[in-house]
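Coordinates in review
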Amino acid sequence: LNDKLAFYAIPASFALAKSKSFQSGRVYGMDISSGAAVAALLFEDHDCSNTGRIARTKEESSTISAASSAMRVLDLCCSPGLKLCAIADCLRDVAESTVVGVDVNESRMSLC
């Protein structure tokens, strides 16, 4: 995936929820497939431009698709919210971007 998403494998025995980095919000516990969904939405190396050419260079692949204009993201099934948080973190420097998440499943929302 894109370097800006920085995925790492940790052993199942590691108590991520008890780590200071997790508790302070510096890291998330997310499956790689969820990260792939974020990368597909945000990064040009997972998308085609208007000309149909896929970004090939390191500089092209690390840019956010919405870097030149604001992006509005609506996640209709967002709980527990890890993908939404990753999207918001990546777009925090893109002026006037909006990230909104909603969900109707109470049991999934209770995980947040």
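For the structure itself, consult the block above.
Notes on the structure follow. Note that the coordinates shown come from a computational prediction; the quantities given were computed from them, not determined experimentally.

What counts, and at which threshold
Residues numbered from 1 in each chain as written. Predicted model: local features only at pLDDT ≥ 70, side-chain atom pairs only at ≥ 80, totals over all residues. Heavy atoms only, no water. Helix = DSSP H or I, 4+ residues; strand = E, 2+ residues; numbered from the N terminus. Buried < 20%, exposed > 50% of the residue type's maximum accessible area, 1.4 Å probe, protein only. Contact = heavy atoms within 4.5 Å. Arc of directions from axis to C-beta. Salt bridge = Lys/Arg side-chain N within 4 Å of Asp/Glu carboxyl O. Polar contact = N/O pair within 3.5 Å; in protein donor to acceptor, adjacent residues only side chain to side chain. 1 Å grid on protein atoms, 1.4 Å probe; cavity = no way out; pocket = protein on both sides within 12 Å on 5 of 7 lines; lining within 4 Å. Points joined across faces, edges and corners; volume = space filled by probe spheres on them. Nonpolar A, V, L, I, M, F, W, Y, C, P; charged D, E, K, R; others polar. Core = buried A, V, L, I, M, F, W, Y, C linked by side-chain atoms within 4.5 Å.

**Digging into the environment of Leu76**
Mapped onto the elements, Leu76 comes out in the loop between strand E1 (72-75) and helix H4 (82-91). On the accessibility criterion, Leu76 (59% relative accessible area) is exposed. Discounting chain neighbours no more than four positions away, the residues touching Leu76 are Val102 and Asp103.

**Remarks on helix H2 (residues 32-42)**
For H2, the full list of buried residues reads Ser34, Gly35, Val38, Ala39 and Leu42. All buried residues of H2 project into a common sector of 140° when viewed along the axis, lining one side.

**What about the pattern of salt bridges?**
A full pass over the atoms with the stated rule returns two salt bridges. With its nearest N and O atoms 3.9 Å apart, the salt bridge here joins Asp89 to Arg92. By relative accessible area, which is 33% here, Asp89 ends up partly exposed. Of the residues examined, Arg92 reaches a relative accessible area of 61% and is grouped as exposed. Taking the shortest distance from any N to any O, the salt bridge between Arg108 and Asp103 comes out at 3.8 Å. Looking at Arg108, the relative accessible area reads 30%, which means it is partly exposed. Here Asp103 falls in the buried class, since its relative accessible area comes to 12%.

**Section: the side chain of Asp103**
With respect to the helices, strands and loops of the structure, Asp103 is situated in the loop between strand E2 (98-101) and helix H5 (106-109). Reaching out from Asp103, the side chain makes a polar contact with the backbone nitrogen of Cys78 at a distance of 3.3 Å. Within the structure, Asp103 has its side chain in polar contact with the backbone nitrogen of Ser79 (distance 2.9 Å). Setting aside residues up to four positions removed in sequence, Asp103 forms contacts with Leu76, Cys77, Cys78, Ser79, Arg108 and Met109.

**Here we look at the layout of surface pockets**
Quantified by volume, the largest pocket comes out at close to 730 Å³. Lining the largest pocket are 24 residues, and of these Leu5, Ala6, Arg26, Val27 and Tyr28 lie nearest its centre. Contributions of two or more residues to the lining of the largest pocket are made by H2 and H4. The element that contributes the greatest number of residues to the lining of the largest pocket is H4, accounting for three residues. In terms of residue class, the lining of the largest pocket is made up of 15 nonpolar, four polar and five charged.

**Things to note about the nonpolar core**
One finds Leu5, Val38, Leu42, Phe43, Ile87 and Leu91 to be the most contacted residues of the largest nonpolar core, which totals 13 residues. Mapped by element, the contributors of at least two residues to this core are H2 and H4. With four residues, H4 is the single largest residue contributor to this core.

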